[in-house]
Amino acid sequence: MIDQKKLLDLGLKVGPLMGMYGFFAFLILAFTGYRYYWVSAEEVPPQPVGYKHFLHVAAPDGPKLACIQCHQYTDKSRQAGAPPLTPSPQWNDVWGKEEGIAAYAEAKKAGKSKEDAEIARRMAMKSARLQKSGPVSCADCHGPDDPGDLAMDISRPGNVGYWDKVYEKNEKAEAKKVVDHIRTREPIHWHRTHKMPTHVYFSHKRHIKALRERDEIKGIESEREQIITMCSFCHGEVQMMGENRKIRSMEMGFCISCHKSKGAPTDCYICHK
Amino acid sequence: MSQINNKEGNEVNEGMDRRDFLKTATAVGSGALLASCTPQEDSRFVSEVTSPYSDKQPPGAPWIFQSTCTECPANCGLEVKAYEKYDGKDRKMFPVKLEGLQGHPVNGADGKGNLCMRGQGALTRLYAPEKSNLMTFSLPKQPALLDFTARVQTPKAKNKDGKWQNISWEDAYARIRTALKAEGKKNAWLSGRTTGTLAGVVDAFCKSMNIEKTPDYEVYSHAAIRKANEILFGIADVPQALIGESDFLLTLGADILETHVSPISYTKQLTERRKSGKFSWYHLEPHVSLTGIRARDQRLVIQPASEPYLLAWLLSQHPNHKSLPKPVSAAKLEIVSQKTGLSEELLKELSNKLNSARKPLLLAGGVSTANQNGLETALLAGLIQWVAGMTNDVLDFNRTENYSRVGSLKDLENLSKDLAADKVGVLFVGWSNPAGTAPSSLALKENMKKATLRVAITEFMNDTAKECDVVLPLAHSLESEGDAEPRKGTWSRIRPVMKPLGDTRSAGDILLGLQGSKGSYSDHLSREWKKRFTGENAAKWNLASGGHVVMASARAKVQLGNKYSSHLKGSDALPVLSKQSIVVVPSLRTFDGRSSVLRLMEELPDPLSTISYGKWCAISENVAKENELEDRDLVELQLNKASAKLPIKVQPGLPDGIVMIQRDSMPELPFGISEKSGELSAMAEPVTVVKVGSKIRGNHMVVLSGSMSQENRGIIKQPLGTKAAAAEIKHPTHGKWESAPNGFYPPVGSEGTTFPGGKVFGHPHPEYDWAMSVDLDACTGCSACVAACYTENNIPMVGSWDHWKGREMSWLRIEPYKGPDGVPQFIPMMCQQCHNAPCEPVCPVYATMHTEDGLNAQVYNRCVGTRYCSNNCPYKVRRFNWWSHDEDKWEGNLKWAHNPEISIRTNGIMEKCTFCVQRIRKGKDHAQDEKRLVKDGEITPACAQTCPTGAITFGNLNDENSMVHKLSKKKKSYQVFEELGTHPSVFYLR
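Residues numbered from 1 in each chain as written. Chains lettered and ligands numbered in written order. Predicted model: local features only at pLDDT ≥ 70, side-chain atom pairs only at ≥ 80, totals over all residues. Heavy atoms only, no water.

Chemist: Got a minute to help me understand the overall build of chain A in this structure?
Modeler: Helix and strand content of chain A: 15 helices and one strand. The C-alpha radius of gyration computed for chain A amounts to 27 Å, which surpasses the reference 19 Å derived for 273 residues by more than 25%, pointing to a less compact arrangement than a globule. Expressed as a percentage of its 273 residues, the buried residues of chain A come to 37%. By sequence separation, contacts in chain A at least 24 residues apart represent 62% of the contacts at least 6 residues apart. When the accessible surface of chain A is split by element, carbon and sulfur atoms take 61% of a total near 16,600 Å². Across chain A, the centroid of the 41 positively charged side chains sits 4 Å from that of the 34 negatively charged ones. (Helix = DSSP H or I, 4+ residues; strand = E, 2+ residues; numbered from the N terminus. Rg over C-alpha atoms; globule rule 2.2 N^0.38 Å. Buried < 20%, exposed > 50% of the residue type's maximum accessible area, 1.4 Å probe, protein only. Contact = heavy atoms within 4.5 Å. Areas by Shrake-Rupley, 256 points an atom, 1.4 Å probe, with all protein chains shown as cover. Lys, Arg positive; Asp, Glu negative; His and termini not counted. Charge placed at Lys NZ, Arg CZ, Asp CG, Glu CD.)

Chemist: Could you clarify how one ought to interpret the overall build of chain B in this entry?
Modeler: Within chain B one finds 30 helices and 39 strands. Across the 990 residues in chain B, those meeting the buried criterion constitute 63%. Restricting the contact set of chain B to residue pairs at least 6 apart, pairs at least 24 apart contribute 74%. With an accessible surface of roughly 36,700 Å², chain B has 50% of that area assigned to carbon and sulfur atoms.

Chemist: In this structure, what is going on with the packing of helix 11 (residues 204–212) of chain A against helix 28 (residues 917–929) of chain B? I would like to understand it.
Modeler: Look at helix 11 of chain A against helix 28 of chain B: their axes get within 11 Å of each other, and the N-to-C directions meet at 30°. The orientation of helix 11 of chain A with respect to helix 28 of chain B, classified from their angle, is roughly parallel. Classified by chirality, the crossing of helix 28 of chain B by helix 11 of chain A is left-handed. On the side of helix 11 of chain A, the interface is formed by K205(A), R206(A) and K209(A), while helix 28 of chain B contributes D925(B), Q928(B) and D929(B). Its residues placed into classes, the contact of helix 11 of chain A with helix 28 of chain B shows no nonpolar, one polar and five charged. (Axes fitted to C-alpha atoms, helices over the stretch in contact; angles between N-to-C directions. Parallel < 35°, antiparallel > 145°, perpendicular 65-115°, else oblique. Left-handed = near helix turned anticlockwise from the far one by under 90°. Nonpolar A, V, L, I, M, F, W, Y, C, P; charged D, E, K, R; others polar.)

Chemist: Got a minute to help me understand the nonpolar core in this structure?
Modeler: Nonpolar side chains tend toward joint burial in soluble globular proteins. All names here are of chain B. Of all hydrophobic cores here, the largest spans 114 residues; its most connected members are Y127, W770, M772, I827, F915, V976 and Y988. In terms of residue count, the dominant contributor to this core is helix 25 (residues 784–792) (five residues). The contact partners of V976, leaving out residues within four places of it in the chain, are I715, I827, M829, Y875, P984 and Y988. Membership of the second largest hydrophobic core comes to 66 residues, among which are I231, L232, L257 and L310. (Core = buried A, V, L, I, M, F, W, Y, C linked by side-chain atoms within 4.5 Å.)

Chemist: Is there a simple way to explain unusual backbone geometry in this structure?
Modeler: Phi is mostly negative for residues that are not glycine, and the peptide bonds are mostly trans. Residues and elements named next belong to chain B. A cis amide bond links E685 with the next residue in sequence, P686, at an omega value of -15°. When you line up the elements, P686 lands in the loop between strand 26 (683–684) and strand 27 (688–695). Of note in the backbone geometry, N402 takes a positive phi value of approximately 60° without being a glycine. Relative to the helices and strands, N402 resides in the loop between strand 14 (395–396) and helix 14 (409–420). The phi angle at A443 is positive, at roughly 55°, despite the residue not being glycine. On the basis of relative accessible area, A443 is assigned to the partly exposed category, the value being 23%.

Chemist: Explain the interface of chain B and chain A to me, please; I cannot follow it from the model alone.
Modeler: Chain B puts 46 residues into the contact, and the matching count from chain A is 39 residues. Here chain B packs against chain A, burying approximately 4,200 Å² in sum over the two surfaces, 52% of which is carbon and sulfur. Run the count over chain B and chain A and you get seven salt bridges. For K931(B), the salt bridge goes to E213(A), with nearest N and O atoms at 3.7 Å. (Buried area = accessible area lost by both parts, 1.4 Å probe. Salt bridge = Lys/Arg side-chain N within 4 Å of Asp/Glu carboxyl O.)

Chemist: It is not clear to me how the side chain of S280(B) should be interpreted in this structure. Could you clarify?
Modeler: Its location among the elements puts S280(B) in strand 11 (residues 280–285). When residues no more than four places from it in sequence are discounted, the contact partners of S280(B) are D247(B), F248(B), L249(B) and K353(B).

Chemist: Could you clarify how one ought to interpret the packing of aromatic side chains in this entry?
Modeler: Here a ring pair, both rings aromatic, is described through the centre-centre distance and the interplanar angle of the planes. Residue and element names in this part refer to chain B. What the rule picks out here adds up to 23 aromatic pairs over all chains. Taken together, a centroid distance of 5.4 Å and an interplanar angle of 85° make the contact between F915 and F954 edge-to-face. With F915 in the loop between strand 36 (910–911) and helix 28 and F954 in strand 37 (residues 952–956), this residue pair connects regions lying 39 residues apart in the sequence. Accessibility assignment for this pair places F915 and F954 in one class, buried. Through pairs of rings, three or more aromatic residues link up here, namely W189, F205, F428 and W431. Stacked on the ring of Y860, the Lys or Arg R905 has its end atom at 5.6 Å from the ring centre. (Phe/Tyr/Trp six-rings, centres within 6.5 Å; stacked < 30°, edge-to-face > 60°. Lys NZ or Arg CZ within 6 Å of the ring centre and 35° of its normal.)

Chemist: Please clarify how the sheet that holds strand 27 of chain B should be interpreted in this entry.
Modeler: Note: strands within a sheet are paired through backbone hydrogen bonds, in either parallel or antiparallel orientation. Residues and elements named next belong to chain B. Read across the open sheet, the seven strands follow the order 26-21-25-22-24-23-27; overall the sheet is mixed. The strands lining the two open edges of the sheet, one partner per strand, are strand 26 and strand 27. Bridge count for strand 22 (residues 617–619) against strand 24 (residues 643–650) is three bridges, and the pairing is parallel. By the bridge assignment, I619 is partnered in strand 24 with V650. (Pairing = 2+ DSSP bridges.)

Chemist: Would you mind going over the pairing of strand 16 (residues 453–458) of chain B with me for this structure?
Modeler: Residues and elements named next belong to chain B. Within strand 16, six of the six residues are buried, which leaves it mostly tucked inside the rest of the structure. Side chains L453, V455 and I457 of strand 16 all project onto a buried face; the interleaved residues R454, A456 and T458 project onto the opposite face, where all are buried too. Looking at chain direction, strand 15 (residues 424–430) and strand 16 are connected through five bridges and run parallel. Each bridged residue has a counterpart across the sheet, and for G430 the counterpart in strand 16 is I457.

Chemist: Quick question: what am I supposed to make of the confidence of the model for chain B here?
Modeler: In low-pLDDT regions, the fine details of the predicted coordinates are not to be read closely. Residue and element names in this part refer to chain B. Here chain B averages 86 in pLDDT, while 90% of its residues score no lower than 70. Note that residues 732–753 has pLDDT below 50 and, in this model, 60 contacts with residues that lie over four places away or in other chains. In the model, residues 755–760 has pLDDT below 50 throughout and makes 19 contacts with residues more than four positions away in sequence or in other chains. (pLDDT = per-residue confidence, 0-100.)

Chemist: Could you clarify how one ought to interpret helix 10 (residues 307–317) of chain B in this entry?
Modeler: Quick reminder: α-helices carry 3.6 residues per turn. Residues three or four places apart thus point the same way. All names here are of chain B. Of all eleven residues in helix 10, nine are buried, a share of seventy percent or more. Within helix 10 the residues assigned to the buried category are E307, P308, Y309, L310, L311, A312, W313, L314 and L315. Residues of helix 10 that are buried sit in contact with strand 10 (248–252), strand 11, helix 11 (333–340), helix 12 (344–356), strand 13 (360–364) and helix 13 (374–387).

Chemist: Whenever I open this one, the pattern of salt bridges confuses me. Can you help?
Modeler: Pairing between side chains becomes possible if they bear opposite charge and their charged atoms approach one another. Under the definition given, this model contains 62 salt bridges over all chains. When the shortest N-O distance is used, the salt bridge between K205(A) and D929(B) registers 2.6 Å. Within this pair, whereas K205(A) is found in helix 11, its partner D929(B) is found in helix 28, the two belonging to separate chains. Where E218(B) meets R594(B), a salt bridge forms, and the shortest distance between an N and an O atom there is 2.7 Å. Pair noted here: E218(B) is in the loop between strand 8 (211–213) and helix 7 (223–233) and R594(B) is in the loop between strand 21 (582–585) and helix 22 (599–603), with a separation of 376 residues, a long-range link.

Quick look at the structure:
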């Protein structure tokens, strides 16, 4: 015979416990559901070119670029910008001017023709720009050696073997895709990984300029390390990633917690537009 | 006339039937289901082949282009702000805001660039949808000002059933060429005013294709003035009026602040001149206009068409009148006084002022020359201009307003007669709408049908294009290259900002294409420019230096001929119109009706009447009282031969008996043309107003203002020291901050901000305290600020139904209130950004809060739409989104006009003026880069930027040297409802 009193006692003991389990079960379900929603909602479609940040930034045998060399408007504008396929003529006014002049004079001295000396000047300017961590374009490494060729030879149909050499130089399949884009002058339309809702005002420039003033960044010696550290606050260790992915939800809580901890303004109109 | 009758009668009397209701309910219901997720930034970023960006032009920053406004013949300079947007395939440039070009000879000569409301709204012409459906949530059968027309995006031709069919450009050209080859009939060309290089192209086209060119057609052709100037001086053009150099201005009917020739230029000159002291301005008009209201104390009401009496008498009183080659007889003073309705003292005062002024300026135009006595008025005005020495001084006949190619309505009449006589083969109608705007007595619409082939070159499917066989779509001036010559010798460049949205071409390209020439119009332009602009001018023509040139030329002396006397025979005994007259006036919002295709112009209320949607006629308060008429009552206006049915609006300030109708409410005037000058006749008498029906539905004529009375609340204070100011009820706290009650926030100790008067409040503003000052003495009520606010802040256009329900979305509105003399006065009303804001404590979710900068912020994402804040706002400036107006819901191309600096609000959210927080943010960002505070004048909200009178000043109240601080300290500065203790940040000066 079942003791009703015992059953009641058991019920009284288990009931709340079941409630607790139910509560936790709900929590887990809700969390997984949210996680699933987040992953599916934030998924980025495959990029047109499988660009690997690790190979370009952190790989020991790579070019060891700094973030700001490709995303060159990070400290100048709201948007960081994507690197162009070919070098911008404006860079020549800022980077490697003297080196170019020196190389030109040297080539002339060595008795080379005017055209060859011009090529030497352009090559010297390019290498100076890369050495000084100036802005870079895809074609600096994946294109023909001489940056001046880009302007001239692409539209020259008779130059059959020209691009073969460039393709040969770029061994990997993804790198060959970049050469395709350079050769056909077809811009790459990347899918954005970090999207901002339209009601949010965000400026890369303001963040970089403010962070550079802080002691924890000033303490880092190399400028390259500085910028990588600053970027990783929000984007994570992108230098260790293959294709870029999002590691944070970038929701308001994340913004506010950082703003509060660093003493940045938390006025609504700072971010909401 | 009967046509108008039927149309109006039907539309107006109809109620909403069950079917309509069901349609509506379904539309609303399904729309609500479509509410979408949070919109996100465009989802691509691009590795361009060569970077278009530089440190000065980084990605994400707006691009600025210089161009020329083509909304009206004034051709103001434009600064186009454009953003790159991703349209699904590629990043493209889309203009989102137009501003006046600084330094432009027409509208930016003082270093500030301003635009009128039509210029500000010109983007809605560019982005006008191809289909003429009204907005998703609007109810069916909403009356537009004119029948709403659609932008044409591909060449079209009528097929045999009379239906429109899309065709290719080659096909269209081939059809036209074949028709041109047919012999036996002459071919005719008619277009709107054409200037610059295009004028030469049109001439060459007509010559090479053997087409007879009719002089250009403009509704406001100023034909009477030009004819008078031809008779007097041999120059058939409108001289440039240098108001800025005169010290006495007398305007007769010329609405120089609204539509007359070059309103922005005039407004700016007038403002500058009034600031610098000794200047007086008298304005005479038979009706009431913004110009008259602005002239305020010196606005005189004159009997319609009695101007010749006044002018002849003024001429006879001038000391130099004996130098005229042939004398002009004038009526006696008593008769002049009786005919004009002006007292003898006033007439003497006018004459004295005119004779004693050092540099007087007399301008006659507008309604005073658009009547039976128009030519005499213009001739006598010209004679006074001559004897008073204006013609070689403040009137520049050398750099005229370039109307010499424009004809008169007589030219159009001749064309119409030719058409009726079956003499015309191919008829070209370019960039104008004569069938829709010319007087119905010309019967152009009917006679057009007789031409073998009718070709329209147009942006919109207007009344003329609907009558045509082939329609060639015209690219907007922001989509095509070109130039304009608004004044003789003043050249302004039209620059393409974007690729054409549809398959459209520029006028030059179409004409060259029809001739079969291979080069493009831009090649032709560069060749012509190279010839025209040499030396210094070539450098100025460069876009980097603005792209506008004023050619140097020596000023030739104007000589008076003696042919005038035959035209002035009997001018001292002309019949005048009675006080029972109809006066048809130009519309501030749509000019001659051409801007009625701008969606924004329907949404913005006419400042005098506060009517946004619908057509109306205005009558005076006394007449309304006598006949027991109220707003929206349907009346019949009976004239000798014609009649029209229109709802009425009771208009304070309008002289008794006059019926005022805006041009767009009566597109085809029944009164015909003035035989002497060929000018449009805009007056007729006698008119009787008969009530014929009950009130029309509210959404067919939306009157936004509830009452024109201030109810003694002192919203617009009267100028200090005047009688009216003394009569005003004084609130106990006027001008005394100390005695204002605390309101909702108690004063807090040391952390707070000190206000004028020493009061300390709970909000500390360490760096900035943004404030605005509005000079009501300068404000003309032109509503350019309202249009600028709409385009800058993505304010949705909600349609007439919502307007009727009181759900208009304007963040900034012009409120007219009856002044002590019964004439309206204006006050721009926007969010007052109160320091003690009544909206803040009632928000249950803290969606509205005070920022460190002294702004009253509305955080859209936090708002849940309780609307408590709006109920608690004494200024009624908060707007609620009853529907979702995010991008998908904006028709067609209109979504590209969105300013990406401002989010798009969804339904259930409250919004309001932010003092253009995006501009403040940009200014602060720039200052922070240079590690300093924002300088005074660095930040200009959209309203202040475009205000042609400079009435709006914005700045930092914390900075004691700032303009706004100084203005707030002025004796005449006051705040609306300051007795409530809301401590607004907007200071009005009066």
